[in-house]
Amino acid sequence: MEETTSYYIYRLTLKSFLSEMSGLVSESVLEQIGDYILKHLLDITFVDGNGENTTTFGDFVFGKMGYVTIERKVSRKHDKKDCKEQDLVDEYPDFNLLVDVRNVKKGDVILAIEYQRKCFVNIDTVRKGLEKHFQSVIGQLFAVDVTLRQISSSEKFWKCLEEKVNKGKPLKSIRLEINELQEGELLQGLDAEKSTVIAALLDMLMDMGADDGTFSFNAKPDKALKLQRAKYHLGMIVALSCKKGFVVKAKFADEHNWVSSEVSAPVIFKLDKKLVYKPDDNDKKKAEIYKWQVKNLTEWFDHIAQELDKIELEKENEQTRSIAKR
């Protein structure tokens with residue numbers, strides 16, 4: 001019987017430090033970065049919450065994809081037999097990291113991080129650690145700004161809001177935390193009128209020297225936002241924000257915490273555990289195992305790409321509806 005494990009999907013974005021490049025990185029440099037990441041999978045390390053460096057082993061690269069296993073040292077208390085005292089025993093839980101750089105020339109690197117609670121309870125700790133590693137290594141070597149963002153599902157996010165509204169919770173605010181909206185792709189998901197208005201607001205923010213382009217849509221006093229109308233007007237920009245790894249948040253009356261897309265709607269894919277392990281060098285079926293892994297992992301990454309591309313189709317459909325309406 002197939003035993004699966006969950007992988008959270010992330011996007012590694014790369015931008016030039018050079019202002020004259022308008023943040024763009026040449027295709028040749030992007031390709032070098034992709035090759036470097038795969039070549040140095042075993043060099044990936046970051047400091048965990050206990051101040052210990054993680055270690056890596058078991059890397060395997062196939063074409064423009066690869067995987068590696070990352071482990072950390074954890075000291076856990078174990079009860080001594082017939083005694084109230086406890087021993088500290090070192091354990092080494094691990095998780096797998098999968099990388100797909102096939103679309104690196106488009107500035108698109110996909111990372112899949114296995115969630116192993118025994119290794120890290122909060123998977124965002126892993127994201128922050130990996131981001132810091134890539135920033136310090138790739139950022140310095142290639143003069144690029146590196147960001148690792150979690151991809152979330154706008155469909156799950158809206159469904160989460162709908163469930164709360166159906167329980168009588170008034171929706172008070174929706175916040176788009178997309179500080180790089182000015183890149184243009186997100187604006188293309190809107191009709192011309194909305195795109196022009198938001199672009200003008202972003203120009204104003206940049207002219208003032210403001211770094212963030214955060215937009216909040218708040219309900220009037222003693223009123224609630226109309227969820228379906230909010231989805232109609234903001235649906236596509238929320239979908240593209242989630243796909244690009246930007247955080248979208250919503251606030252409900254009488255609730256202290258915000259509902260965020262990264263927590264309530266992460267993009268997660270299941271994967272057969274047997275697909276990510278490095279067979280022993282003496283295993284006679286080693287070549288056969290690798291061939292099987294390559295085939296299935298390629299299909300797995302292809303499926304992820306197809307799911308993410310559905311957002312582009314939704315964008316085209318929304319633009320068609322907008323044109324028909326006008």
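Here the residue numbers are simple positions, counted from 1 along each chain's written sequence. The predicted origin of the model limits local features to residues at a pLDDT of at least 70 and limits the giving and counting of side-chain atom pairs to 80 or more, whereas totals for whole chains, interfaces and linings rest on all residues. The side-chain quantities take in all heavy atoms of the structure and omit both hydrogens and water.

A.B. asks: How should I be thinking about the pairing of strand E6 (residues 94-100) in this particular structure?
C.D. replies: Within a regular strand, side chains alternate between the sheet's two faces. Counted residue by residue, E6 has six buried out of seven residues, so it is predominantly covered. Two strands make a pair as long as DSSP finds a minimum of two bridges between them. Every helix listed is a DSSP run of H or I at least four residues long, and every strand listed is a run of E at least two residues long, numbered separately from the N terminus. The pairing of E6 with strand E7 (residues 109-114) spans four bridges and is antiparallel. Within the sheet, the bridge partner assigned to Val 99 lies in E7 and is Leu 111. Each residue is placed in one exposure class: buried if its accessible area under a 1.4 Å probe, protein chains only, is under 20% of its type's maximum, exposed if it is over 50%, and partly exposed if it falls in between.

A.B. asks: Just to check I follow, could you spell out the packing of helix H1 (residues 27-39) against helix H2 (residues 123-142) for this structure?
C.D. replies: For any two helices packed against each other, one specifies the inter-axial angle together with the distance between the axes. Fitting a line to C-alpha atoms yields each axis, with helices limited to the stretch in contact; the angle taken between N-to-C directions then spans 0 to 180 degrees. In the contact formed by H1 and H2, the axes pass within 11 Å of each other and the chain directions differ by 140°. Classified by the angle between their axes, H1 and H2 sit oblique to one another. Remark: the crossing between H1 and H2 carries right-handed chirality. Here H1 contributes Val 29, Gln 32, Ile 33, Tyr 36 and Ile 37 to the contact with H2, which in turn contributes Phe 134, Val 137, Ile 138, Leu 141 and Phe 142. Classes in brief: Ala, Val, Leu, Ile, Met, Phe, Trp, Tyr, Cys and Pro nonpolar; Asp, Glu, Lys and Arg charged; the others, Gly included, polar. Grouping the constituent residues of the contact of H1 with H2 by class yields nine nonpolar, one polar and no charged. For classification purposes, an angle smaller than 35 degrees is called roughly parallel, one larger than 145 roughly antiparallel, one from 65 to 115 roughly perpendicular, and anything else oblique. Put simply, a crossing is left-handed when the front helix is turned counterclockwise from the back one by less than a right angle, and right-handed when it is turned clockwise. Residues count as neighbours in contact if any of their non-hydrogen atoms are within 4.5 Å of one another.

A.B. asks: Where do I start with the packing of helix H3 (residues 154-166) against helix H5 (residues 227-244) in this structure?
C.D. replies: Look at H3 against H5: their axes get within 9 Å of each other, and the N-to-C directions meet at 150°. Here H3 lies roughly antiparallel to H5, going by the angle between them. The hand of the H3/H5 crossing is right-handed. Residues Ser 154, Phe 157, Trp 158, Leu 161, Glu 162 and Val 165 of H3 pack against Leu 227, Ala 230, Lys 231, Leu 234, Gly 235, Val 238, Ala 239 and Cys 242 of H5. Considered class by class, the residues forming the contact of H3 with H5 number 10 nonpolar, two polar and two charged.

A.B. asks: Looking at this structure, how should I read the sheet that holds strand E11 (residues 247-252)?
C.D. replies: Backbone-to-backbone hydrogen bonds join strands into a sheet, with any given pair of strands oriented parallel or antiparallel. Spatially, four strands are ordered E10-E9-E11-E12 in an open sheet, and the strand pairing comes out antiparallel. Each of the sheet's edge strands pairs with one partner strand only, and the pair in question is strand E10 (214-218) and strand E12 (259-260). Here five bridges tie strand E9 (residues 171-177) to E10, and the two strands are oriented antiparallel to one another. Note on E10: the bridge partner recorded for Glu 177 is Thr 214.

A.B. asks: Looking at this structure, I do not really get H1. What am I missing?
C.D. replies: An α-helix turns once every 3.6 residues. As a result, residues three or four positions apart point the same way. How far a helix is expected to stretch is found by multiplying one less than its residue total by 1.5 Å. An ideal rise of 1.5 Å per residue puts 18 Å on 13 residues; H1 measures up with 18 Å between its terminal C-alpha atoms. Buried residues along H1 sit against strand E1 (4-16), strand E2 (55-62), strand E3 (65-71), E6, H2 and strand E8 (144-150).

A.B. asks: What is the right way to look at the pattern of salt bridges in this model?
C.D. replies: Between side chains of opposite charge, a pair can form as their charged atoms come close. Whenever a carboxyl oxygen of Asp or Glu lies within 4 Å of a side-chain nitrogen of Lys or Arg, that contact is scored as a salt bridge. Applying the stated rule across the entire model yields 14 salt bridges. Two residues, Asp 124 and Lys 128, come together in a salt bridge whose shortest N-O distance is 3.7 Å. Of this pair, Asp 124 and Lys 128 are both found in helix H2, four residues apart, which corresponds to roughly one turn of the helix. Of the residues examined, Asp 124 reaches a relative accessible area of 18% and is grouped as buried.

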